Amino acid sequence: DAGVIQSPRHEVTEMGQEVTLRCKPISGHNSLFWYRQTMMRGLELLIYFNNNVPIDDSGMPEDRFSAKMPNASFSTLKIQPSEPRDSAVYFCASSFMTAVNQPQHFGDGTRLSIL
Amino acid sequence: DAKTTQPPSMDCAEGRAANLPCNHSTISGNEYVYWYRQIHSQGPQYIIHGLKNNETNEMASLIITEDRKSSTLILPHATLRDTAVYYCIVRVAADSSYKLIFGSGTRLLVRP
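Enquirer: So what exactly am I meant to see when it comes to the state of the cysteines here?
Expert: Disulfides are covalent bonds that link the sulfur atoms of two cysteine residues. Going through the model one piece at a time under the given rule, you end up with two disulfides over all chains. With no disulfide partner, Cys12(B) has as its closest neighbouring cysteine sulfur the one in Cys22(B), 18 Å distant.

Enquirer: Sorry, what's going on with the interface of chain B and chain A here?
Expert: One frequent convention defines the size of an interface as the accessible area lost when the parts assemble. Counting residues at the interface gives 19 residues for chain B and 23 residues for chain A. Together chain B and chain A conceal approximately 1,700 Å² of surface at their shared face, both sides included; 53% is due to carbon and sulfur atoms. The tally of links from chain B across to chain A stands at zero salt bridges. On inspection of chain B and its partner chain A, the count reaches two residue pairs in polar contact (both at pLDDT 80 or more). Looking at the side of chain B that touches chain A, the elements with two or more residues in it are strand 3 (31-38), strand 4 (45-50) and strand 8 (84-92) of chain B. Looking at which element gives the most residues to the side of chain B that touches chain A, the answer is strand 3 of chain B, with four residues.

Enquirer: How should I be thinking about unusual backbone geometry in this particular structure?
Expert: One can expect most non-glycine residues to show negative phi and most peptide bonds to be in trans. The peptide bond linking Ser7(A) to Pro8(A) adopts the cis configuration, its omega dihedral lying at -10°. That bond from Gln80(A) to Pro81(A) is cis: its omega, -5°, falls within 30 degrees of zero. Looking at where Pro81(A) falls in the secondary structure, it is placed in the loop between strand 8 (74-79) and strand 9 (88-95). In this structure, Asn51(A) takes a positive phi of about 50° despite not being glycine. Its location among the elements puts Asn51(A) in the loop between strand 5 (42-50) and strand 6 (53-56). Not every positive phi belongs to a glycine, and Ser41(B) is a case in point at roughly 70°. With respect to the element layout, Ser41(B) can be found in the loop between strand 3 and strand 4. With relative accessibility at 39%, the residue Ser41(B) sits in the partly exposed group.

Enquirer: What am I meant to see in the environment of Asp11(B) here?
Expert: Residue and element names in this part refer to chain B. Relative to the assigned elements, aspartate 11 resides in strand 1 (residues 9-13). Sequence spacing of aspartate 11 and tyrosine 46 is 35 residues, and the spatial spacing of their C-alpha atoms is 21 Å. Here aspartate 11 is in contact with Leu108, Leu109 and Arg111, once residues within four sequence places are set aside. A polar contact is formed between the side chain of aspartate 11 and the side chain of arginine 111, at a distance of 2.8 Å.

Enquirer: Got a minute to help me understand the packing of aromatic side chains in this structure?
Expert: Here the distance between the centres and the angle between the planes together describe a pair of aromatic rings. Across all of its chains, the model carries ten aromatic pairs over all chains by this definition. Between Tyr36(B) and Phe102(B), the aromatic rings sit 6.0 Å apart at their centres with planes inclined by 70°, giving edge-to-face as the arrangement. Taken together, the positions of Tyr36(B) in strand 3 and Phe102(B) in the loop between strand 8 and strand 9 (106-111) put the pair 66 residues apart, joining distant regions of the chain. Classification of Phe102(B) by relative accessible area gives buried; the value is 9%. Through a chain of ring-to-ring contacts, the aromatic side chains of Phe33(A), Tyr35(A), Tyr48(A), Phe106(A), Tyr36(B), Tyr46(B), Tyr87(B) and Phe102(B) assemble into a single cluster. Just above the ring of Tyr34(B) sits the side chain of Arg91(B); from NZ or CZ to the centre is 4.6 Å.

Enquirer: Explanation requested: the sheet that holds strand 5 (residues 55-56) of chain B in the structure shown.
Expert: Neighbouring strands of a sheet are bound in pairs by backbone hydrogen bonds; such pairs are parallel or else antiparallel. Residue and element names in this part refer to chain B. Ordered by their spatial adjacency, four strands build an open sheet running 2-7-6-5, and the pairing between neighbours is antiparallel. Two strands close off the open sheet at either side, each with one partner strand: strand 2 (18-23) and strand 5. Looking at chain direction, strand 2 and strand 7 (residues 70-75) are connected through six bridges and run antiparallel. Following the sheet pairing, proline 21 is matched in strand 7 by threonine 72.

Enquirer: Which parts of the structure should I look at to understand the side chain of Asp56(A)?
Expert: Within the secondary structure, Asp56(A) is located in strand 6. Its relative accessible area of 17% is what places Asp56(A) among the buried residues. Looking at Asp56(A), its side chain comes within polar contact range of the side chain of Ser58(A), at 2.6 Å. Those residues in contact with Asp56(A) that sit more than four places away from it in its chain are Leu46(A), Ile47(A), Tyr48(A) and Lys99(B).

Cut-off values and rules
- Residues numbered from 1 in each chain as written.
- Chains lettered and ligands numbered in written order.
- Predicted model: local features only at pLDDT ≥ 70, side-chain atom pairs only at ≥ 80, totals over all residues.
- Heavy atoms only, no water.
- Disulfide = S-S within 2.5 Å.
- Contact = heavy atoms within 4.5 Å.
- Buried area = accessible area lost by both parts, 1.4 Å probe.
- Salt bridge = Lys/Arg side-chain N within 4 Å of Asp/Glu carboxyl O.
- Polar contact = N/O pair within 3.5 Å; in protein donor to acceptor, adjacent residues only side chain to side chain.
- Helix = DSSP H or I, 4+ residues; strand = E, 2+ residues; numbered from the N terminus.
- Buried < 20%, exposed > 50% of the residue type's maximum accessible area, 1.4 Å probe, protein only.
- Phe/Tyr/Trp six-rings, centres within 6.5 Å; stacked < 30°, edge-to-face > 60°.
- Lys NZ or Arg CZ within 6 Å of the ring centre and 35° of its normal.
- Pairing = 2+ DSSP bridges.

Next comes the structure, spelled out in structure tokens:
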């Protein structure tokens, strides 16, 4: 079975540029999560969706960050304009929320470097 | 969600059992214990979870004390590929937020 698929795996861009990270959740999962991992702050939840609807975006650092889930099989995390402090590994995860105890399954992340 | 405390690092010899402890003394009756691990450069991987009974799957065993204030993840025959950061997380499974709050975890080094 295909797991959570993220693209690109690596992204290097200059500050001020728009960055779009993509995620394809596991088919049938109805919850999707975006996390960010840095050495300083560890793994942090940015936002999550249930049934394509954003439920909690309290982890989104500022207005430069936005996330969308136009359908059940695709989500994007956009940073505009990007800044060097946005450099991190961004993970997407999905789960089947309706059933209790279902674990989250993570993609392999996008390593983002803002110069 | 209850807070967890884990040792920052541990090591064990290949082929031996790795026992990773986790303290969650403030756990509530409806909170589950979850274990994930993160191998270098990969996303976190779900291992196992439990409420109060001991659990076992193909990856590991989870032993939860009777008072539920601590637990131990057991990798019965550690291999070099088990070298990773292991996270113990406590949360309410039926909580609609379904958030996972990751702490610092335990960095396990499996020695040849």
